[in-house]
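Remarks on the overall topology
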Amino acid sequence: MALELTGPSLQDLKDRVDSNYEEIARAVIGRSAGFFVGSFGGGFLCDRFQRHVDLILVAFLCVAAVGTFIIPWCSVLPLLWFMFVLQGMSEGVLATGAHVVILRLWGEETAPSVYSLHLSYGIGAFLSPLVAKPFLSKSAPIPDGLKGGNMSLFANLSTHSPLDLQILQSTPAFETVFGALVSNITNNITHANSTSYVVSQSTIEYGYSIAGIALSVMIPFGLFFQIKRFPKVEIKIKDPTFVNIFSPGTCAEGDTVFGFKIFILLFLFYFHGIGGVEHSWGKYLFSFARESENHFSKDEAAVLNSVYWGGFCLGRISGVLFSKWVHPAVLLVIVLSGNITSSAILAFIGYRDRIVMWVFTFLFGVTVSVIFGACVAWTNHYMTVTGMAVGVLYIGTAAGGLLYQWLAGYLLQYYGPNAMMYMILACGVVAGGLFATMQFLMMTASVKDNEKDSVSDKESKNSVNEYELVNCDEKVEDMHKEDKV
């Protein structure tokens, strides 16, 4: 809920720091930079201090709460960037630590629990537009006669008090005569060619405070689990030194080269598939709806955001249900195909058709939500997933978000919403190709493993037979000795 408030409140934050989409995107990618550091450091900390994972989670819950409380009060881009860095760093450590806890508790039966963890993210993200909606600034179109230079006619009225403004807002002629006045007073119109004016000021700090309080409420639970010391199965890392923790061979039964190949591909998969697709769309959906030819109002865009996250939750619930019966590879093929299809339809039709926009935004959420958890389960099916391994997945996500969230803002500002959607579609296609490559490598490796297993079985059977023959010979000799005696 705290992380996804950025989407619906992005335009209000943009106005508060007096910037455009490309400039605010520079601040937003601060979260990805922090996420990169948090994922890397979180994986190492969780493997190095295995008995204190809950305490690590508590510490970074506190950091996340501080960043969330301060974000809406930032009036300059550098400070806003730093608060996003704090949020992202906390997100990286919390996500990595949560996966480590689940993997230790459930082992190979981890898939439903991983999907449940990601479902909780979807529920919070579904609530975030509803939390933000009452506190967003309200806007309305500028009458034709007041556009451009005519707005300066009302500059001398900018000294009116808030009480005067309330009286003006209650009059029928307000929207047609004094509409530009309020936008001038609140300084929320930053471009001469704006097509709307603000009729009520943003109070989004209340929405961020609700999310910050929710984060703070979780802190005692983390302390309880650290003190209570429930029995846990620790991930076995022989001699947890710096080298062993970071070695790809730790996850691939000692095969460092194979582990390195898979982790490079996993990094790139999460770079494009999560950082490029899921994070970019989640952050800019609200702005896409507003700037596209559909011209959604802020209230409509907030509801559209909730529809997307509602589909996201449904996808996560489906993942929990199907993970028991459907192989992760099959599930990934289905959702990646569905996501590419949804992206294509939104890119070529949805930007100008409201019904298509509503329907395929929901379907986009259903399909993209399953990708992260399904890939974790897929990796765990073939390899040993340690805290550092989970960190690699999140580092790929963070690096992708770092690039693609800035690129999405840049394209939206200078080339329009369609260009941003083409970028998301391209990321989905690349992710599909990367998964096909990984699956081929895993299938090849599993065939080799089966051949090795069959050879080792034959060797063990031969050794057993030799052992039995030797034992029989020894028994015969003993019988002869007994007869002689």
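The shown structure was predicted, so the numbers you read here are calculated from the model rather than taken from an experiment.

Among the eleven residues that make up helix H1 (residues 6–16), ten are buried, leaving the element largely enclosed by the rest of the structure. The set of residues buried in H1 consists of Thr6, Gly7, Pro8, Ser9, Leu10, Gln11, Asp12, Leu13, Lys14 and Asp15. Contact partners of the buried residues in H1: helix H2 (21–48), helix H4 (77–106), helix H5 (111–132), helix H9 (205–228), helix H11 (256–291) and helix H12 (298–322). Trailing H1 by a residue or two, Asp18 shows a phi angle of about 55°, which is positive.

Time to look at H11. Here H11 spans 48 Å end to end across 36 residues, near enough to the 52 Å set by a 1.5 Å rise per residue. At Tyr284, H11 shows its maximal kink, close to 55°. Burial within H11 is extensive, with 28 of its 36 residues counted as buried.

This part takes up the nonpolar core. Judged by nonpolar contacts, the single largest core of 106 residues is most densely connected at Leu266, Phe269, Tyr270, Trp281, Phe364 and Trp378. With 16 residues, the single largest contributor to this core is H11. When near neighbours in sequence (up to four residues on either side) are disregarded, Leu266 contacts Cys375, Trp378, Thr379, Leu393 and Met438. In this structure, Cys46, Val53, Leu57 and Val100 belong to the second largest nonpolar core, which totals five residues.

Under the counting rule described, the total for this entry stands at one cavity of 30 Å³ or more. When its volume is computed, the largest cavity comes out at roughly 70 Å³. Every residue lining the largest cavity is listed: Leu3, Glu4, Arg31, Ser32, Phe35, Glu91, Tyr121, His279, Lys283 and Gln405. Counting only elements with at least two residues in the lining of the largest cavity, the list comes to H2 and H11. For the lining of the largest cavity, the leading source of residues is H2, giving three residues. Tallied by class, the residues present in the lining of the largest cavity amount to three nonpolar, three polar and four charged. Two domains share the lining of the largest cavity, each providing at least three of its residues, namely domain 1 (1–137 + 202–228) and domain 3 (248–471).

In this section: the pattern of salt bridges. The final tally for this structure, using the stated rule, is six salt bridges. For Asp15, the salt bridge identified is with Lys14, shortest N-O distance 3.8 Å. Of the two residues examined, Asp15 and Lys14, each falls in the buried class.

With that out of the way, let us pick up the layout of surface pockets. Each pocket or cavity is described by its volume, and for the largest pocket that value is around 1400 Å³. Along its surface, the largest pocket is lined by 42 residues, and Leu61, Leu94, Ala98, Leu117 and Ser120 are the ones closest to its centre. Sorting the residues of the lining of the largest pocket by element identifies helix H3 (53–70), H4, H5, H9, H11 and helix H15 (387–414) as the ones contributing at least two each. In terms of residue count, the dominant contributor to the lining of the largest pocket is H4 (ten residues). Per-class residue counts for the lining of the largest pocket are 26 nonpolar, ten polar and six charged.

Quick look at unusual backbone geometry now. In this structure, Asp18 is a non-glycine residue whose phi angle is positive, near 55°. For Asp18, a relative accessible area of 55% corresponds to the exposed category. Positive phi, close to 50°, is recorded for His295, a residue that is not glycine. Considering the arrangement of structural elements, one finds His295 in the loop between H11 and H12. A relative accessible area of 56% places His295 in the exposed class.

Turning to the packing of H2 against H4, a few remarks are in order. As a packed pair, H2 and H4 sit with axes 6 Å apart at the nearest point and diverge in direction by 35°. Once H2 is placed against H4, the crossing between them reads as right-handed. Tallied by class, the residues present in the contact of H2 with H4 amount to 14 nonpolar, eleven polar and five charged.

The next point concerns the confidence of the model for the chain. Here the chain averages 76 in pLDDT, and 73% of its residues register 70 or above. The secondary-structure element of the chain with the lowest mean pLDDT is helix H8 (residues 179–186), recorded at 41, while helix H13 (residues 328–350) shows the highest, at 92. Segment residues 447–470 is flagged for pLDDT under 50; beyond a separation of four residues in sequence, or across chains, it makes zero contacts in the model.

Put simply, H5 and helix H14 (residues 354–382) touch, their axes get as near as 9 Å, and they point 155° apart. Between H5 and H14, the angle falls in the class roughly antiparallel. For the pair H5 and H14, the sense of crossing is right-handed. Along the contact surface, H5 presents Ala111, Val114, Tyr115 and His118, while H14 presents Val370, Phe372, Gly373, Ala374, Val376 and Ala377.

So, about the side chain of Lys14. Mapping Lys14 onto the fold places it in helix H1. The exposure class assigned to Lys14 is buried, which follows from its relative accessible area of 9%. What Lys14 contacts, discounting residues up to four positions off in sequence, is Ser19, Asn20, Tyr21 and Ile24.

Criteria and thresholds
- Residues numbered from 1 in each chain as written.
- Predicted model: local features only at pLDDT ≥ 70, side-chain atom pairs only at ≥ 80, totals over all residues.
- Heavy atoms only, no water.
- Buried < 20%, exposed > 50% of the residue type's maximum accessible area, 1.4 Å probe, protein only.
- Helix = DSSP H or I, 4+ residues; strand = E, 2+ residues; numbered from the N terminus.
- Contact = heavy atoms within 4.5 Å.
- Expected span 1.5 Å × (residues − 1).
- Bend = angle between axes of the 7 residues up to and from the residue.
- Core = buried A, V, L, I, M, F, W, Y, C linked by side-chain atoms within 4.5 Å.
- 1 Å grid on protein atoms, 1.4 Å probe; cavity = no way out; pocket = protein on both sides within 12 Å on 5 of 7 lines; lining within 4 Å.
- Points joined across faces, edges and corners; volume = space filled by probe spheres on them.
- Nonpolar A, V, L, I, M, F, W, Y, C, P; charged D, E, K, R; others polar.
- Domains from an automatic or database assignment.
- Salt bridge = Lys/Arg side-chain N within 4 Å of Asp/Glu carboxyl O.
- Axes fitted to C-alpha atoms, helices over the stretch in contact; angles between N-to-C directions.
- Left-handed = near helix turned anticlockwise from the far one by under 90°.
- pLDDT = per-residue confidence, 0-100.
- Parallel < 35°, antiparallel > 145°, perpendicular 65-115°, else oblique.

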